[in-house]
Amino acid sequence: MFVKWYSIETSSGTKKVQGLGEKFVAESLNRFGINWERPKSIVTPFGKYTPDFFCVTSGVFIEVKGMRTALKMVGLVSLLENGRTKWAGTLDENSVKKMKWVHENVAPIDIYINDNANDAKYKSYLKDFEEKVNGFEVVYGKEHFITWLRLDKYFHKRDKDEKEKS
């Protein structure tokens, strides 16, 4: 499972993103004039966590996932049904523990799911997934992400009190 890397031009230089989901987010943030960075790893009690994007003005991280990867992240399914490789065939909630720690102690994290959550193969997991990511802002699909950008989601500083209200 190899994911392609893409070079994205920004006002502060060329940045690398991994996969089509991250490419879409990077290009969308650029199109709306949102200043973003590729963050460094953050040490948590559960191990290192590296968010995909940091929106500088709003102070918010964005984590980009495909639905199957998101379901693995919260321990609901493995990436490969047959588990041909050990890491892809196991369930693991450690990723979401790291994210929750960062979300609560460093800065808010929004989760962008690059798939349609209404797809029949994911629909049965959706309720359990949303319970596990309770407290995070989650957006499903490109159209909804663009709507967030149109609503100025990342143009203004978002502090902890505002995060807790949502």
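Treat the numbers as computed from the prediction; the structure is a model and nothing was measured.

Rules used throughout
- Residues numbered from 1 in each chain as written.
- Predicted model: local features only at pLDDT ≥ 70, side-chain atom pairs only at ≥ 80, totals over all residues.
- Heavy atoms only, no water.
- Pairing = 2+ DSSP bridges.
- Helix = DSSP H or I, 4+ residues; strand = E, 2+ residues; numbered from the N terminus.
- Contact = heavy atoms within 4.5 Å.
- pLDDT = per-residue confidence, 0-100.
- Axes fitted to C-alpha atoms, helices over the stretch in contact; angles between N-to-C directions.
- Expected span 1.5 Å × (residues − 1).
- Buried < 20%, exposed > 50% of the residue type's maximum accessible area, 1.4 Å probe, protein only.

Engineer: Explain the pairing of strand E2 (residues 13-18) here, please?
Structural biologist: Pairing analysis gives six bridges linking strand E1 (residues 5-10) to E2, with the strands arranged antiparallel. Paired with Ile8 across the strands is Lys15, a residue of E2. With antiparallel pairing between neighbouring strands as the criterion, E1 and E2 make up a hairpin whose turn holds two residues.

Engineer: Would you mind showing me how to read the environment of Phe61 here?
Structural biologist: On the secondary structure map, Phe61 appears in strand E7 (residues 60-65). As a C-alpha pair, Phe61 and Ile111 span 50 residues in sequence and 8.5 Å in three-dimensional space. Discounting residues that sit within four places of it in the chain, Phe61 has contacts with Pro39, Ile42, Pro51, Phe53, Phe54, Val102, Val106, Ala107, Pro108, Ile109 and Asp110.

Engineer: It is not clear to me how the confidence of the model for the chain should be interpreted in this structure. Could you clarify?
Structural biologist: Detailed conclusions should not be drawn from predicted coordinates in areas where pLDDT is low. Averaged over every residue, the pLDDT of the chain is 85; the share at 70 or more is 85%. Note that residues 85-89 has pLDDT below 50 and, in this model, eleven contacts with residues that lie over four places away or in other chains.

Engineer: How do you make sense of the sheet that holds strand E6 (residues 53-55) when you look at a structure like this?
Structural biologist: What holds strands together in a sheet is hydrogen bonding between their backbones, with the strands either parallel or antiparallel. With mixed pairing, the five strands of this open sheet are ordered in space as E3-E6-E7-E8-E9. Each of the sheet's edge strands pairs with one partner strand only, and the pair in question is strand E3 (36-37) and strand E9 (137-140). Relative to E6, E3 runs antiparallel, the two sharing two bridges. Bridge pairing in E6 places Glu37 opposite Phe54. Strand contacts of helix H3 (residues 94-105): E7 and strand E8 (109-113), with the helix running at about 135° to E8, the strand carrying the most contacts. Lying on the sheet, helix H6 (residues 142-150) is in contact with E7, E8 and E9; it crosses E9 at an angle near 130°.

Engineer: Help me out: how do you make sense of helix H1 (residues 19-31) in this one?
Structural biologist: For an α-helix, 3.6 residues make a turn, and residues three or four places apart therefore share a direction. Here H1 is 13 residues long and its end C-alpha atoms lie 18 Å apart, about the 18 Å a rise of 1.5 Å per residue gives. Residues of H1 that are buried: Gly19, Gly21, Glu22, Phe24, Val25, Ala26, Ser28 and Leu29.

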